[in-house]
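Reading the structure
The residues making up each chain are set out below.
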Amino acid sequence: MYRKDLQNLLKGNYFPHFFALYGADDFQTELFASFIKEKFGVDECLKLYFEEYDFARASDYLASTSLFSEKKLLELKCFKKPSKKELEALISLCKQSEDNFFLFELYDESSKQNELEKSFENNFARFFKPNSAKEGIELLSLKAKELDINATHNALLFLYQNFDENLYLASSELNKFAGLSIDENMVEKYCFSLSVLGFESFFEQLLQGKDLRVELEKFLENFNEIALLNSLSSNFYRLFKINLYAKIHGKVDLKELLGYVPPPNVASKLQTQAFALSLAQYQKIFFLCLQSEYELKTNSKLTKKEFLISTLLELSQILKNKKEFK
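Definitions and limits used
- Residues numbered from 1 in each chain as written.
- Predicted model: local features only at pLDDT ≥ 70, side-chain atom pairs only at ≥ 80, totals over all residues.
- Heavy atoms only, no water.
- Phe/Tyr/Trp six-rings, centres within 6.5 Å; stacked < 30°, edge-to-face > 60°.
- Helix = DSSP H or I, 4+ residues; strand = E, 2+ residues; numbered from the N terminus.
- Buried < 20%, exposed > 50% of the residue type's maximum accessible area, 1.4 Å probe, protein only.
- Lys NZ or Arg CZ within 6 Å of the ring centre and 35° of its normal.
- Salt bridge = Lys/Arg side-chain N within 4 Å of Asp/Glu carboxyl O.
- Pairing = 2+ DSSP bridges.
- Right-handed = clockwise from strand over helix to strand, strands pointing away.

Turning next to the packing of aromatic side chains. Per the stated rule, a full pass over the model turns up 16 aromatic pairs. When the ring of phenylalanine 203 is compared with that of phenylalanine 236, the centres are 4.9 Å apart and the planes differ by 70°; the resulting orientation is edge-to-face. Separated by 33 residues along the polypeptide, phenylalanine 203 in helix 10 (residues 199-207) and phenylalanine 236 in helix 12 (residues 225-249) bring together distant segments of the chain. Phenylalanine 236 shares its class with phenylalanine 203; the two are buried. Here the guanidinium or amino end of lysine 72 rests over the ring plane of tyrosine 61, the centre of that ring lying 4.9 Å away. It is lysine 77 that lies over the ring of tyrosine 49; its NZ or CZ is 4.5 Å from the centre.

Attention now moves to the pattern of salt bridges. Summed over the entire model, instances satisfying the criterion amount to 11 salt bridges. The residue glutamate 138 makes a salt bridge to arginine 3 at a minimum N-O spacing of 3.6 Å. With glutamate 138 in helix 6 (residues 133-146) and arginine 3 in helix 1 (residues 3-11), this residue pair connects regions lying 135 residues apart in the sequence. You can call glutamate 138 partly exposed: its relative accessible area is 28%. Close ionic contact of lysine 95 with glutamate 121 constitutes a salt bridge, the shortest N to O distance being 2.4 Å. With lysine 95 in helix 4 (residues 84-96) and glutamate 121 in the loop between helix 5 (114-119) and strand 5 (124-127), the pair connects residues that are 26 residues apart, well separated along the chain. Overlapping salt bridges bring together Arg3, Lys4, Glu135 and Glu138 as one network.

A few words now on the pairing of strand 4 (residues 100-106). In terms of burial, strand 4 is largely enclosed, as 7 of its 7 residues are buried. In strand 4, alternate side chains face the same way, and those of Asn100, Phe102, Phe104 and Leu106 on one face and Phe101, Leu103 and Glu105 on the other are all buried. Bridge analysis of strand 3 (residues 72-78) against strand 4 gives 7 bridges, and the strand direction is parallel. Across the sheet, the residue bridging to leucine 73 is phenylalanine 101, located in strand 4. After leaving strand 3, the chain enters helix 4 and then returns to the sheet as strand 4, a path that is right-handed.

In structure tokens form, the structure reads like this:
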């Protein structure tokens, strides 16, 4: 099922005891995992995240009885899907007892997981990255509701745009307002902004092939490597959508693509940037960003700042070598 189907399922009285979440947007995976755990309402939870996963420990937990709780939840977060045999064994333990619950979160942006869906017997949700500002604001609205925040539409729109459509950064700022009512003025007054650091200028200089090591030092004083990498990815994805839309439709409709109409000078700049890159360059850029994000998240021995500088140097080479990627 997709996000809308999951939202409808969460509103009902019945929810399956075992469920899987995966797809191309980790933010939605984390957000809806939180909603599902609240729906389960368990007394006890064993969390096994990434390299902590051990099948024997997971199965023993569900198979054993507890003196201190009735309802038990096993929550697994993985980059790589466990074997079909192991997943189905854990699911079977949930079927044997109505007090057992299993939530599986796969943080892998690969293609459709047919085997995973079959194992979970359609008790799964697959997520896609937001296609428009409207969809992004809907997700921020869900996060605001979780934090008991009464936010105006303009407040959420300002937050979404101000953080370069990065849902992780925008939602982290929402934590400041838990339990409050907020409008656009409050967000502007109290929220740190990527624009303060001149991200657009940083991105333009990157496209122009300039040395960014000094600027990078300033950026990393304020937010981490993964947040910066995600911002770069979302900017390139926005340009890619414009480029691809023009190739398909023979025109550019920024309102349909972005969910709003930017000022004429911004619209012109976006189109110039979008058409300056070939589809082969976009492909190489997205592969590099995903590969770099994976390394940053999984390699604990990595010197992150130096690794990010190396990634940017490689990215600069892709941007410069237009002939190679025609």
